[in-house]
Amino acid sequence: MAGRLIKICGLGPGDWEAVPVGVVETLRQAGIKFLRTEKHPVVPYLRQMGIVFETFDRFYEEGKSADTASTEIAAAVLDEAAKDVGQVIYAVPGHPLVFEEPSRLIVEGARSKGIAVRILPAMSFLDAVYDALGLNPAEGLTVLDGLHVDTKPVSNVLPVILTRVSNKSIAAKVQHFLLERYPGSHKIKVISAAGVRGEEKRAEIPVCELDGIDWLDRLTTVYIPPLACLAGDGTPEPGSRTKSDVEPAGYWPYTSVPRHSVAPLVDIIETLRGERGCPWDREQTHESLKKYLIEEAYEVLEAIEHGKPHNLCEELGDLLLQIVFHCQIASEAGQFHLGDVVETITEKMLYRHPHVFGQVRVRDSEEVRVNWERLKKAEEPGRRTFEGIPRSLPALLRATRVQEKASRLGFDWETWQGALTKVQEETAELLAAAEASEGVGGELGDLVFAVVNVARQLGLDAEELLNKTTEKFINRFTFIEERAREKGVELGKLDLAQMDSWWEEAKKLEAGS
């Protein structure tokens, strides 16, 4: 197993001279070779060199979604590597990790299977776009996938690049998205096969004409310059960006304000919500932004789980944006502004930490938690114990928070064994209810609540535990799907005994990894 190796190679944006020498030499080596697609300008050169490979275009041609195709490609590469046949070489257009979902899945899957992975990078198509358009990404821009363009709010004060605008259907969706944020006359640049000599195509058109281009393909990218918001006399609005004031300041027009200050962000949101700002931003309310607030909070959690500081930094910024946005809406209504929010939480933190900022002494963190609850009660004397625990929390997390609050007031099992005994009691009650066909839902809810109590008593997070078990189930069932595909059998026609057999095989592989 120690000798198993997957090399994921980048083929660059399309020009043969941009393919790294190390990648070419790797493709000449012995091993099983896969190309994600043969629809790439350098593929004819590989054939001329006598390099033999298999492509995965069939996964896309079978009419499956991009996500499904990515999963199946990753599974095929991992299956081959698991055979311990020496190195498996997998080559992709551009850079192996830029808009390459199969590569990400391969890296994750290989880690769980004990297979080594080596990345051989190359220029991404974005690098070629930056060069073709004379852009410096370090000055700030937003890159979005044209296939999923409406998944995040976009500020029109930053340049935007939209990738994979590969056909008129996607172009129409992108155009609709842009028209909600930019005037129809706003000039954009469309470029295909950037950096590929003899094949590059370009056009500069207004947003309203995007869906009329007839040469869109898989290599097409759209560049949207930032809006220059002008006042009636032709001078820039506060917080707006124009070419003349952006370039000298490196996309930072607030030259008298430190970059770590939150003031420019507040100014930007105020401008976007202003009369000459962005139509989409002006339409938003506390209610319409709720889903984005939840999504950004979960993306922060995901960044923490992946342990990537740069991702966490970015996601925390996205979450901060939502907070500033809500503060701006409240400020416009004369309710409060960001300064009030900061002042309120600062006072609260000082008040609730008397053991740090006052004379109170505490023995341990548990006493800190007890004091915290007591101080909260003192702030609002009529407040009930469980007020402040949102109903919108995930059910397991809400149950945990309720149990924690009750525990701090002395209402709890002394040991986890007591909590486990309660699980056994609730299980017996569920069995009785199921046999009587009466009250099953209530008894099942009681059982789940009791299980959460056991997890809490053992110092474990029930929400996280269930997520991990769900992920484990998905991985094992995916293994069954892969086996069925290998055998040419439809999943729905398998008998339970066969599925159980493959399930056990998946468990053994997990244990071996």
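It should be noted that the structure appears before, not after, this text.
Every value quoted in this text rests on a predicted model; they were computed, and no experiment measured them.

For the protein chain, the helix and strand inventory stands at 20 helices and 10 strands. The buried share of the protein chain, reckoned over its 513 residues, is 39%. In the protein chain, of all internal contacts separated by at least 6 residues, the share reaching a separation of at least 24 is 61%.

A few words now on the pattern of salt bridges. On inspection of all chains with the given rule, the structure shows 23 salt bridges. Where E108 meets R104, a salt bridge forms, and the shortest distance between an N and an O atom there is 2.6 Å. Residue E108 and its partner R104 are located together in helix α5 (residues 101-113), separated by four residues, close to a single helical turn. Between K493 and E490 there is a salt bridge, and its shortest N-O distance comes to 3.7 Å. Taking the relative accessible area as the measure of exposure, K493 reaches 63% and is therefore exposed. Using a relative accessible area of 52% as the deciding quantity, one classes E490 as exposed. Each of D15, E17 and R197 takes part in salt bridges that share partners, so that together they form one network.

Glancing now at the sheet that holds strand β7 (residues 160-163). Here we have five strands laid out as an open sheet, ordered β6-β7-β10-β8-β9, and mixed in their pairing. Edge strands, defined here as strands with exactly one partner in the open sheet, are β6 (142-145) and β9 (201-206). Neighbour to neighbour, the strand axes of the sheet diverge by 20° on average, direction disregarded. Of the pairings in the sheet, the one linking β7 to strand β10 (residues 220-224) comprises three bridges and is antiparallel in character.

All right, on to the sheet that holds strand β1 (residues 5-10) then. Adjacent strands of a sheet pair through backbone hydrogen bonds, lying either parallel or antiparallel. Pairing in this open sheet of five strands is parallel, and the strands run β3-β2-β4-β1-β5 from one edge to the other. The sheet terminates laterally at β3 (54-55) and β5 (116-120), the two strands that pair on one side only. Looking at chain direction, strand β2 (residues 32-35) and β3 are connected through two bridges and run parallel. Paired with F34 across the strands is E54, a residue of β3. Helix α1 (residues 21-28) rests against β1, β2, β4 (87-92) and β5 of the sheet, and its axis sits at about 135° to β1.

The subject of this paragraph is the nonpolar core. With 22 residues, the main nonpolar core has L162, L178, V190, L210, V222 and I224 as its most contacted residues. At the level of secondary structure, the elements contributing two or more residues to this core comprise β7, α7 (168-179), β8 (187-192) and β10. With five residues, the top contributor of residues to this core is α7. For L178, the contacting residues outside a window of four places in its chain are L162, V207 and I224. Counting 18 residues, the second largest nonpolar core, distinct from the first, contains F34, A76, A110 and I115.

Attention now goes to the packing of aromatic side chains. The tally for this structure, following the rule as stated, stands at eight aromatic pairs. Ring centres 5.0 Å apart and planes at 10° place the aromatic pair W16 and Y45 in the stacked group. Here the residue W16 occupies a position in the loop between β1 and α1, and Y45 occupies one in helix α2 (residues 43-48), the gap between them amounting to 29 residues. Members of the aromatic cluster, connected to one another through ring pairs, are F34, F56, F59 and Y90.

Where nonpolar side chains cluster on the molecular surface, the patch consists of W416, L420, L458, L460 and L465 and spans about 410 Å² of accessible area. Tracing the backbone through its elements, the reader meets L420 in helix α17 (residues 416-436).

Axis separation between helix α16 (residues 395-408) and helix α19 (residues 462-487) bottoms out at 8 Å; the angle between their running directions is 155°. Considering their axes alone, α16 and α19 lie roughly antiparallel with respect to each other. The hand of the α16/α19 crossing is right-handed. Contacts from L396, L397 and T400 in α16 reach A462, E463 and L466 in α19. Looking at the contact of α16 with α19 residue by residue, the class counts come to four nonpolar, one polar and one charged.

Looking now at helix α18 (residues 440-457). The first and last C-alpha atoms of α18 sit 26 Å apart over 18 residues, in line with the 26 Å expected at 1.5 Å per residue. Along α18, the residues classified as buried are E443, L447, A450, V452, N453, V454, A455 and R456. Those residues of α18 that are buried lie in contact with α16, α17 and α19. Where α18 terminates, the next one or two residues include G459, which has phi positive at roughly 75°.

What follows deals with the pairing of β4. For β4, the buried fraction is high: six of the six residues fall into the buried class. Residue alternation in β4 divides its side chains into two sets, Q87, I89 and A91 and V88, Y90 and V92, and both sets are buried. Where β1 lies against β4, six bridges are found, and the strand directions are parallel. Looking across to β4, one finds that L5 is bridged to Q87.

Turning our eyes to something else, we now look at unusual backbone geometry. You will see that F99, though not glycine, has its phi angle at about 55°, which is positive. Examined against the element boundaries, F99 turns out to sit in the loop between β4 and α5. Phi at S437 takes a positive value of approximately 55°, unusual for a residue other than glycine. Classification of S437 by relative accessible area gives exposed; the value is 63%.

The rules behind these values
Residues numbered from 1 in each chain as written. Predicted model: local features only at pLDDT ≥ 70, side-chain atom pairs only at ≥ 80, totals over all residues. Heavy atoms only, no water. Helix = DSSP H or I, 4+ residues; strand = E, 2+ residues; numbered from the N terminus. Buried < 20%, exposed > 50% of the residue type's maximum accessible area, 1.4 Å probe, protein only. Contact = heavy atoms within 4.5 Å. Salt bridge = Lys/Arg side-chain N within 4 Å of Asp/Glu carboxyl O. Pairing = 2+ DSSP bridges. Axes fitted to C-alpha atoms, helices over the stretch in contact; angles between N-to-C directions. Core = buried A, V, L, I, M, F, W, Y, C linked by side-chain atoms within 4.5 Å. Phe/Tyr/Trp six-rings, centres within 6.5 Å; stacked < 30°, edge-to-face > 60°. Patch = residues over 30% accessible without salt bridge, like charges linked within 9 Å, V, L, I, M, F, W, Y side chains within 5 Å. Areas by Shrake-Rupley, 256 points an atom, 1.4 Å probe, with all protein chains shown as cover. Parallel < 35°, antiparallel > 145°, perpendicular 65-115°, else oblique. Left-handed = near helix turned anticlockwise from the far one by under 90°. Nonpolar A, V, L, I, M, F, W, Y, C, P; charged D, E, K, R; others polar. Expected span 1.5 Å × (residues − 1).

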